Structures are given as C-alpha cells and as structure tokens.
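Geometric and topological summary
These are the residues of each chain, in order.
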Amino acid sequence: MTATTLAAAPTLARRIGPVAGLRHTFTLAWRSLVQIKHNPMELLDLSIQPVMFVLLFTYVFGTAIAGSSGEYLTFMLPGIMVQNALFATMTTGFGLNSDLTKGVFDRLRALPIARWAPLAGRILADTVKQAWSIALLLGVGSILGFRVGHGLLGVIGAFALLLAFTLAASWISVLVGVLVSEPDKVQIFGFTVIFPLTFTSNIFVPTERMPGWLQHWVEVNPVTVVADALRGLLVGGPVAGPVLQTLLWGLGIAVIFAPLAVRGLRRRV
C-alpha cells in the first residue's frame, strides 16, 4: 500500500493545477522564511554585511574618491545595492544544495504537490529576503544623507528592476547548487566569481578613474550596467538605455541558465 502511494505521487503531482501549484509555492516559501528564526545568521548576513560595507566605504574612502563622504554615498549606494543583491543570490543555491544533500528535497517531491513548487518556493523566499535587504540599504543610506532624486516612482522602479535582474541571476546560483556536492562550495563560487566581477565595475570607483585597459571591461560589465540603471532611477542621469540593457542582460542570463539549472536538477533528483 505504501509503495503504491509513493509510486503514484509523481503522477499526482503532475496533474495539479497552476492555482494549487502557486499555493504550494507560497507555503514552501513561507517555510524557508520561517526557518530564519532557527538560523538568524542568515538574516544577519543580509543585514550587517551590506550596512558595514556602506559605512566603511562612505567614511573611509569617500573623501579620497569623491571629495566628500556625502557625494560618495550618492554615487556608491546604488552600486552597493547591486553587489549585495548578487551575493544574496548565492543563498538560493546554498539552500537548494543543502535540501538536496540532506534529503529534504526528495521528501518534498514525494508529497502530492506541484513538482516545480519546491524550487519556486525557494526562489520566492529568497526574493523576499532580497527586498528586505534593498529596503534596509535605502533606509540606512537615507539616515546617512542619501536622497532619492525621482521620488517614489524612482524607488519602485529601482526595486522592481533590481529584483527582476537578481531573479534572473539566481538561476546561475541554482545551477551551481545542483552541480556541486556541498553547500559550502556554492559560497566559494560566489567569492571567486561575483567578488571580482563587482569590484571590476563602477560600483565603487568611476570608470574614468580606472586604467585605460580596465575601462573597456568595466563599460561592458553587466554589474556596471545595473548600477548605472539604479543610479538613473534613484539619483538622476540616463535611465532608458541602462534599464533596457539591464533587462536584456537579465533575459539573456535566464534564457541560458534556467534550462541548464532545471536539467541539472532533474538529473540530481
């Protein structure tokens, strides 16, 4: 009787409608969010680290780079938001790999739920965490003197654009999460790839102040594109071009890495 039930579970899951699937997704997303109270360090990573970066770069390097800490905060804060969001995408792969290695993912798939709900729930929960981190950085920046130049619409646009881009970028993290054998290896990937990618952009230093050979890379670096888009929405400057390029980068990343990640997950489970 038990074997028959387990054998029928995958078939039952495939017949679940989209409305029920969304309900399952929200339930599993809530599960991931509730887990924070058992692992508060996860929320601290999304809170303390970005705030520390803002304080250190504003008051240690601000005067040397921009002439004053206030001017540098205006330039740097949108970039810090991008950097923090990209690092936060690694939590998706880390959590997914942890569920896979501990057998949690297999137990969830044995339940009569939509087959895509466990992964979608994980991504949705991490998107909520991303929103919290963005709001926190804007709040701390406002306390330090950062001012939004385009009002509420600019803030909403920046939120939506950054969440959309990181949602696409999270597929890279998902792919890494299903390929590596241990959760810690996902974090190693983040530091070896995302760290140099963000520091060779114009997040912290204007492109024109970098060596000529490096400027060519900085100008095409997708992190630079997203940072310029957020600066345009929050502070001022070109908006249409950087926003369009950001959306194209996000679309390209999702088109390439989402099918690879789903294929890898199917092989893993």
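Up top is the structure.
Figured I'd write up the structure that's included with this text. Just so you know, these numbers come straight off a predicted model, no measurement behind them. (Residues numbered from 1 in each chain as written. Predicted model: local features only at pLDDT ≥ 70, side-chain atom pairs only at ≥ 80, totals over all residues. Heavy atoms only, no water.)

**Section: the overall build of the protein**
Selection criterion: Secondary structure follows DSSP: runs of H or I at least 4 residues long count as helices, runs of E at least 2 residues long count as strands, and numbering of each begins at the N terminus. Atoms counted for the radius of gyration: C-alpha only. Globule rule: 2.2 Å times the number of residues to the power 0.38. With a 1.4 Å probe rolled over the protein chains alone, any residue whose accessible area is under 20% of its type maximum counts as buried; one over 50% counts as exposed, and the rest are partly exposed. Residue contacts are counted whenever heavy atoms from the two residues lie within 4.5 Å of one another. For the area figures, the Shrake-Rupley method with a 1.4 Å probe applies, and any residue is considered shielded solely by the protein chains shown.
For the protein, the helix and strand inventory stands at 12 helices and zero strands. When the helices and strands of the protein are read in sequence order from the N terminus, they spell out α-α-α-α-α-α-α-α-α-α-α-α. A globule of 269 residues ought to have a C-alpha radius of gyration of about 18 Å, and the protein, at 20 Å, matches this closely. Counting across all 269 residues of the protein, residues that qualify as buried make up 46%. Contacts in the protein between residues far apart in sequence, at least 24 positions, make up 79% of those at least 6 positions apart. Accessible area of the protein: about 13400 Å², with a carbon and sulfur share of 70%.

**Thoughts on the packing of aromatic side chains**
Rules: Each Phe, Tyr or Trp ring, with Trp reduced to its six-membered ring, pairs with another whose centre is within 6.5 Å; inter-plane angles below 30 degrees give stacked pairs, above 60 give edge-to-face pairs, and intermediate values give tilted ones. By the criterion adopted, a ring carries a charge over it if an Arg CZ or a Lys NZ lies within 6 Å of its centre and within 35 degrees of its normal.
Under the counting rule described, the total for this entry stands at nine aromatic pairs. Here a set of aromatic residues connected by ring pairs shows up, and it is made of F53, F57, F61, F87, F191, F195, F199 and F204. The residue whose ring lies beneath R231 is F75, and the NZ or CZ to ring-centre distance is 4.0 Å.

**A look at helix α4 (residues 69-88)**
Spelled out, the test is: One axis fitted to the seven residues ending at a residue, another fitted to the seven starting there: the angle between these axes is the bend at that residue.
Maximal helix bending in α4 amounts to about 40°, located at M76; proline P78 follows within four positions. Most of α4 sits inside the fold, with 15 of its 20 residues counted as buried.

**Here we look at the nonpolar core**
Note the cut-off: Nonpolar cores are built from buried Ala, Val, Leu, Ile, Met, Phe, Trp, Tyr and Cys residues. Side-chain atoms within 4.5 Å join them into one set.
Counting 41 residues, the largest nonpolar core has M81, V82, L162, F204 and L230 as its most contacted members. Breaking this core down by element, the ones donating at least two residues are α3 (40-66), α4, α7 (117-144), α8 (151-179), α9 (183-199), α11 (222-234) and α12 (240-268). The leading source of residues in this core is α4, at 10 residues. Contact partners of L230, with chain neighbours within four places excluded, come to P78, M81, V82, A158, L161, L162 and V235.

**A look at the side chain of Q130**
With respect to the helices and strands, Q130 occurs in helix α7. Those residues within four positions of Q130 in sequence are excluded, and the remaining contacts are A85, A88, T89, L163 and T166.

**Points about the environment of V176**
In this structure, V176 sits in helix α8. Taking the C-alpha atoms as reference points, V176 and L96, 80 residues apart in sequence, are found 9.7 Å from one another. When residues no more than four places from it in sequence are discounted, the contact partners of V176 are V186 and F189.

**Some words on the packing of α4 against α9**
Applied cut-off: Under this scheme, a helix contributes an axis fitted over its contacting stretch, all axes are lines through C-alpha atoms, and angles between N-to-C directions fall in the 0 to 180 degree range. Working definition: roughly parallel below 35 degrees, roughly antiparallel above 145 degrees, roughly perpendicular at 65 to 115 degrees, and oblique for all remaining angles. Handedness of a crossing follows from how the near helix is turned relative to the far one, being left-handed for an anticlockwise turn of less than a right angle and right-handed for a clockwise one.
Where α4 contacts α9, the axes come no closer than 10 Å and their chain directions differ by 165°. As judged from the angle between their axes, α4 and α9 are roughly antiparallel. For the crossing formed where α4 meets α9, the hand is right-handed. Residues Q83, L86 and F87 of α4 pack against G190, F191, I194, F195, T198 and F199 of α9.

**Let's talk about the packing of helix α2 (residues 18-34) against α7**
Our working definition: Just so you know the grouping, Ala, Val, Leu, Ile, Met, Phe, Trp, Tyr, Cys and Pro go in nonpolar, Asp, Glu, Lys and Arg go in charged, and all remaining residues, Gly too, go in polar.
Two elements in contact, α2 and α7, have axes whose closest approach is 7 Å; the angle formed by their N-to-C orientations is 55°. Between α2 and α7, the angle is such that the two are oblique. For the crossing formed where α2 meets α7, the hand is right-handed. Residue-level inspection shows G21, H24, T25, F26, L28, A29, R31, S32 and L33 of α2 in contact with α7, the latter providing A117, P118, A120, G121, R122, L124, A125, V128 and K129. Grouping the amino acids of the contact of α2 with α7 by side-chain chemistry returns 10 nonpolar, five polar and three charged.

**Quick notes on α8**
What counts, and what does not: One less than the residue count of a helix, multiplied by 1.5 Å, gives the span that helix is expected to have.
Its 29 residues give α8 an end-to-end C-alpha distance of 43 Å, which sits within 8% of 42 Å, the value for a rise of 1.5 Å per residue. Along its length, α8 reaches its greatest deviation from straightness, about 25°, at A168.

**Here we look at the pattern of salt bridges**
Just so we agree on the cut-off: Any Lys or Arg side-chain nitrogen located within 4 Å of an Asp or Glu carboxyl oxygen qualifies as a salt bridge.
Per the stated rule, a full pass over the model turns up four salt bridges. Note that K129 is salt-bridged to D126, the shortest N-O span being 3.4 Å. Within this pair, K129 and its partner D126 are both found in helix α7, separated by three residues, close to a single helical turn. Each member of the pair, K129 as well as D126, is classed as buried. Across the salt bridge formed by D228 and R231, the nearest N and O atoms sit 3.1 Å from each other.

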